[in-house]
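Descriptive structure summary
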Amino acid sequence: MPSWWMIPTVFLPIAGGMGARLIPFSRRLKQIFLLAVITATSVLTALQIFRGDGNSAVLFSVMDDLTLVFRLDGAGKIFAGLLALLWPPAMLYTYLYMQGRNAEGFFCFYTMSYGVALAIAFAGNLFTLYAFYECLTMVTLPLVAFNKDRAARKAGQTYVNFSITGAAMAFVGMLFLSHYDTPAGFSPGGVLDMARVAGHEEMLRWVFLLAFIGFGTKAAVFPMYAWLPAVSVAPTPVTALLHAVAVVNAGTFAVIRMTHYSFGAAFLAGSVPQAIAVCLSCFTILFAAVMAIRQGNLKKRLAFSTVSNLSYMLLGAVLMTPYGLEGSFLHLVCHSLMKILLFWCAGLFLIRAKRSEIQELRGLGRRMPAVCAAYTFAAAALTGVPPMCGFLSKWNLMMAADQEGSWLGILGMAALIIAAVLTAAYVLFPAFLMYFRPLEGKTGDPEGKRWDRSPGIVALLVFSAVLILAAGLAGPRLEQVFQTALGVR
Amino acid sequence: MVSSWYMLIPVLFPAAAGIAVAAGRPSSAVRKMLVSCSLGINCLLLIPVLLSGELEFRLFSLSRDLPVFLKADDTGKFFAALMSFVWFVVGIYSFEYMAHERHLDRYYACYLMTSGVLTALCLSGSIITFYMFYEMMALLTVPLVVHTMEKDAVAAGIKYLIYSILGASLALLGIFLLSGYVTSFSFTPKGVLNPETAGEGRNTVLIAAMMLIVGFGTKAGMFPLHGWLPTAHPVAPAPASAVLSGIITKTGVLGVFRVVYELIGAETLRGTWVQMAFLGLTIFTVFSGSLLAYREKLLKKRLAYSSVSQVSYVLFGLATLTPLGVVGALLHVCAHSLIKDTLFMSAGAIIHQTGKTRVEELNGIGKQMPKVMICFTVVSLGLVGIPPCLGFVSKWYLAQGSLAAAGVPQWLTWLGPAVLLISALLTAGYLLSPAIHGFFPPKDLPAEDLTRREPGAVMLVPMACFMLLSVLLGIFPGGLIRLFSNIAAAIL
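Description of the structure in this document. (Residues numbered from 1 in each chain as written. Chains lettered and ligands numbered in written order. Predicted model: local features only at pLDDT ≥ 70, side-chain atom pairs only at ≥ 80, totals over all residues.)

**With respect to the overall build of chain A**
Assigned secondary structure in chain A consists of 20 helices and two strands. The globule rule puts the C-alpha radius of gyration for 489 residues at 23 Å, and the 22 Å found for chain A is close to it. Principal axes of the C-alpha set define a box for chain A whose edges measure 75 × 55 × 45 Å. Counting every position in chain A, which comprises 489 residues, the buried fraction comes to 58%. Intrachain contacts of chain A at a sequence separation of at least 6 include 81% that bridge at least 24 residues. (Helix = DSSP H or I, 4+ residues; strand = E, 2+ residues; numbered from the N terminus. Rg over C-alpha atoms; globule rule 2.2 N^0.38 Å. Buried ≥ 20, exposed ≤ 12 C-beta atoms within 10 Å, placed from the backbone. Contact = placed C-beta atoms within 7 Å.)

Right under this line is the structure:
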């Protein structure tokens, strides 16, 4: 498949989302249309991944050296594949979740953000990535503030404030990079023009740190983490797909692109800014895990858990080793599979049982057996119980930290181990309440009435659980594919 | 005799039966039928595995060098046979005890699934396989602890979960640290250390060994991570405490056994600080567990402390790194499983029939429930170590093993048997006093405390069965000793 097909692939959902807003369909027809658009996009993406020719597709040039370019390499394929895999089922979940609410605008923006996220995966240079990175903030803002109440507006405000600050820092990084790089676009090992860099190495490394925090804002690295728990007030489909998979992983992906594909790992390894980046990641892992334990609200707790897990990936990335990069991408994929299921369950508790606080989950195991089972399964997976995929990615990250060889690796290992225990505490405790405490409050329903009897919900939960298990069982195969894609040898 | 994939059958069959119970929500009679039949059939299904030679079956891989596979060696076969058998008998006992409880679907579903996981755990061919099933077992047994769902039960369940995860994480960290210094993670007699790299990484290997021992020692109730045992046992239903104490603690023992003899190798550890620390921890646990049991007034909690002490006898035997010690340890695994299960089942019968939980309430209990108390007394004598019970044989070997230990200071080889002896006296004190007061009550006891309250045959037969076995095996220990000597000869 020729590479220019990437352009329609990106603009199909964007145009589809906008179009559905303008054309006066019936509500039902509009839903089917948007789902068809999303499915078609996923198919096109899959074709591009498996049959693409790997060339560049130029959108247009702003200036000579500022060009919007799409080019799909191994790393991009992994991220794009993940999005293509999860967006269609997430759309189905959104329909189930929003049943009976007037949410057409919501569906349209949800579809549009797919295109923007894909563009980040396809981006062939830092400028393209940055441009769509900004777009992603804008296109997801209406989704965050969808409820239109005070809390939602405040969350939207926080979201924008953090995003703009982060983007500004990232912009500075990009500016410096564009002055010292070769116009090659992303390539493994970096694109710095060493002749021009000579004499400015130390300054550039500090610029890296600034850009790390800037792009890391979307990946919620300390001190730029606070927006992610704040936006957990958004409707659950947003928290599930965007703030556990698409947006935050775009942040991680951007950090990886900048670290391994622009500055180059060899240039940064062993420097003070690298050490600071590792320390920030380790601190975020532990800090967010502790904060997660302190949350009484399930979605807030899961949001802090995401903060913690995103820093697992950042840690893998800034270890500056090939295995760290591989572990980082493995966790990016595995964490997404697990976290989306956890959020789906949290959303179902919210709409089917009207329960958002962890203490209110007591006794739900009898009322919502399917959802509680799915939650427990995903929780065990996130804790790292083999053979689910959480074990696979954490093991790889541990191995990477071990092989790194300096004190940074040991620090990373310590953080990962302690965080594993903390994870077990914060994610398994709600499951414990579901099964071993009596139901709270009067419900009026007869004993034994189930609240999760819906084939659609069960099918989605099973689909997601099967993915988690399959990714775990196919561990060596997955590792091999990732190594090939990322050029790790 | 059978092809290697057959090993999956005794793993999957009870798990499937458990899922059937959970999904089908059968009536009480059907459930009893289903549970007892599947547990019984499971024991029969295991027989072909026991009779075959060494089988090996690869399931899948977790990561590049982490294959998950089952392997039936002698140690695994012994543990699997013991666990399935005890699981079956205690399962039968539980029907009467649990008759009036709620949420029995959940209880029996987890009970059955745990049985399958335990078989897989025993037949695990590599440490990572073992770890995987170990974690599954920990999660599946939580519902057994929390069963009553009262406040203290839930608190105990959380404590159990925390200790399990802490122990497992420590073990995983140990496995991880070892990864650079081993040729593979599969269990191989005399260990799998890579002679080229293990020399320079000696300290890391020793630290990893200690982490693995303490990590798996958590389930075996070894100090310093013993705290879950005395909390979880009193609040769990009696059949659950019985298997927790008799079987689940033994999974920790199996873990330590595999690590010491089949992963790292006894020769690497002999005479190092790890062996000293391991010996020291076990001796300390043996003594302090007995002492705490002696001071404890709540019967089931007393039995729990007793388990803390007795399982550390087993670990002590493993820590001596001698063939005699290993034989003693494995004998004591067998003895303690049978005996402690009988004790917990007796305690359960007492609670079920009279509601008495404290030791000082048991005056005259021997007049009320003579058959139960005869079982209790006979196995108590066995646990103290009085011939001809199996407890005597095992302790004899343990003491012999300690004296034969090489590479450790002379005084430590003497301290072991001395503490075993003191602990045996304490055991006599804490177990025989309820029996004595039960059979010889004070004269002024009210008449209602002397009426017959014997439980039904469903409870009595399992107890009697274990009691007889523990005595018979004590009289004819030859077969077991031969088996264990073979195991010991292979690994040392």
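Having seen the structure, we can now continue with the description.
**Examining the overall build of chain B**
Scanning chain B from terminus to terminus reveals 19 helices and two strands. Here the C-alpha radius of gyration of chain B, 22 Å, is about what a compact globule of 492 residues would show, namely 23 Å. By its C-alpha atoms, chain B is 75 × 55 × 45 Å across when sized along the principal axes. The buried share of chain B, reckoned over its 492 residues, is 62%. Within chain B, contacts between residues at least 6 apart in sequence are counted, and of these 80% link residues at least 24 apart.

**Observations concerning the nonpolar core**
Grouped burial of nonpolar side chains is what soluble globular proteins tend to show. All names here are of chain A. Counting residues in hydrophobic clusters, the biggest one holds 382 residues, and the most contacted among them are Leu83, Ile120, Ile340, Leu342 and Ala378. By residue number, the principal contributor to this core is helix 14 (residues 322-353), which donates 18 residues. Apart from the residues within four sequence positions on either side, Ala378 is in contact with Met338, Leu341, Leu342 and Ile468. (Core = buried A, V, L, I, M, F, W, Y, C linked by C-beta atoms within 7 Å.)

**Some remarks on the interface of chain B and chain A**
Where the parts come together, the accessible area they lose is often given as the size of the interface. In this complex, chain B contributes 22 residues to the contact, which on the side of chain A involves 23 residues. For the side of chain B that touches chain A, the secondary structure elements donating two or more residues are strand 1 (55-61), helix 5 (127-145) and helix 6 (151-178) of chain B. Among the elements that make up the side of chain B that touches chain A, the one with the highest residue count is helix 6 of chain B (nine residues). Among the residues forming the side of chain B that touches chain A, the class breakdown is 16 nonpolar, four polar and two charged. (Nonpolar A, V, L, I, M, F, W, Y, C, P; charged D, E, K, R; others polar.)

**Description of the environment of Phe130 of chain B**
All names here are of chain B. When you line up the elements, Phe130 lands in helix 5. For Phe130, a count of 27 C-beta atoms within 10 Å translates into the label buried. Those residues in contact with Phe130, other than ones at most four positions away along the chain, are Leu121, Ser124, Gly255 and Arg258.

**Re the pairing of strand 1 of chain B**
Residues and elements named next belong to chain B. By the bridge criterion, six bridges tie strand 1 to strand 2 (residues 67-72) in an arrangement that is antiparallel. Bridging from a neighbouring strand, Phe60 pairs with Val68 of strand 2. Between strand 1 and strand 2, which pair antiparallel in sequence order, lie five residues. (Pairing = 2+ DSSP bridges.)

**What about the packing of helix 3 (residues 74-97) of chain B against helix 9 (residues 238-264) of chain B?**
All names here are of chain B. Where helix 3 meets helix 9, the closest approach of the two axes is 9 Å, and the angle between their N-to-C directions is 170 degrees. The angle between helix 3 and helix 9 falls in the class roughly antiparallel. Across from Thr75, Phe79, Met83, Val86, Trp87, Val90, Tyr93, Ser94 and Tyr97 in helix 3, the residues of helix 9 making contact are Ala238, Pro239, Ala242, Val243, Gly246, Ile247, Lys250, Leu254 and Phe257. In terms of residue class, the contact of helix 3 with helix 9 is built from 14 nonpolar, three polar and one charged. (Axes fitted to C-alpha atoms, helices over the stretch in contact; angles between N-to-C directions. Parallel < 35°, antiparallel > 145°, perpendicular 65-115°, else oblique.)

**Focus: helix 13 (residues 323-354) of chain B**
The end-to-end C-alpha distance of helix 13 of chain B, which contains 32 residues, comes to 46 Å, matching closely the 46 Å that a straight helix rising 1.5 Å per residue would cover. Counting buried residues along helix 13 of chain B, 29 of its 32 residues qualify, which places the element largely inside the surrounding structure. (Expected span 1.5 Å × (residues − 1).)

**With respect to the pairing of strand 1 (residues 57-61) of chain A**
Residues and elements named next belong to chain A. Here strand 1 runs beside strand 2 (residues 67-70); their pairing, made up of four bridges, is antiparallel. Along strand 2, the bridge assignment pairs Ser61 with Thr67. The loop that links strand 1 with its antiparallel partner strand 2 comprises five residues.

**Focus: the environment of Gly214 of chain A**
Residues and elements named next belong to chain A. Here Gly214 lies in helix 8 (residues 201-216). Here Gly214 falls in the buried class, since 27 other C-beta atoms lie within 10 Å of it. When the C-alpha atoms of Gly214 and Val172 are compared, they prove to be 9.0 Å apart, with 42 residues separating the residues in sequence. If we skip the residues at most four places from it in the chain, Gly214 touches Gly166, Ala167, Met169, Ala170 and Gly173.

**Quick look at the packing of helix 12 (residues 272-294) of chain A against helix 13 (residues 298-318) of chain A**
For any two helices packed against each other, one specifies the inter-axial angle together with the distance between the axes. Residue and element names in this part refer to chain A. Remark: helix 12 packs on helix 13, axes separated minimally by 8 Å, with the N-to-C direction vectors making an angle of 160 degrees. In terms of orientation, helix 12 lies roughly antiparallel with respect to helix 13. Handedness of the crossing formed by helix 12 with helix 13: left-handed. Counting all contacts with helix 12, which are made through Gln274, Ala277, Val278, Ser281, Cys282, Thr284, Ile285, Ala288, Ala289, Met291 and Ala292, the residues of helix 13 involved are Arg301, Phe304, Ser305, Val307, Ser308, Ser311, Tyr312, Leu314, Leu315 and Val318. (Left-handed = near helix turned anticlockwise from the far one by under 90°.)

**Let's talk about unusual backbone geometry**
Residue and element names in this part refer to chain B. Residue Pro224 is bonded to the preceding Phe223 through a cis peptide linkage, with omega at 10 degrees. Residue placement: Pro224 occurs in the loop between helix 7 (202-219) and helix 8 (228-235). Along the chain, Pro387 connects to Pro388 via a cis peptide bond; the corresponding omega equals 5 degrees. Positive phi, normally seen in glycine, also occurs at Lys190, with a value near 75 degrees. Along the polypeptide, Lys190 turns up in the loop between helix 6 and helix 7.

**Focus on the environment of Leu383 of chain B**
The residue Leu383 of chain B is located in helix 15 (residues 370-384) in this model. Among all residues touching Leu383 of chain B, those that are not within four sequence positions of it are Gln310, Ile339, Gly391, Thr427 and Leu431 of chain B.

So, to be careful, I would describe these as geometric facts and stop short of saying anything about function.
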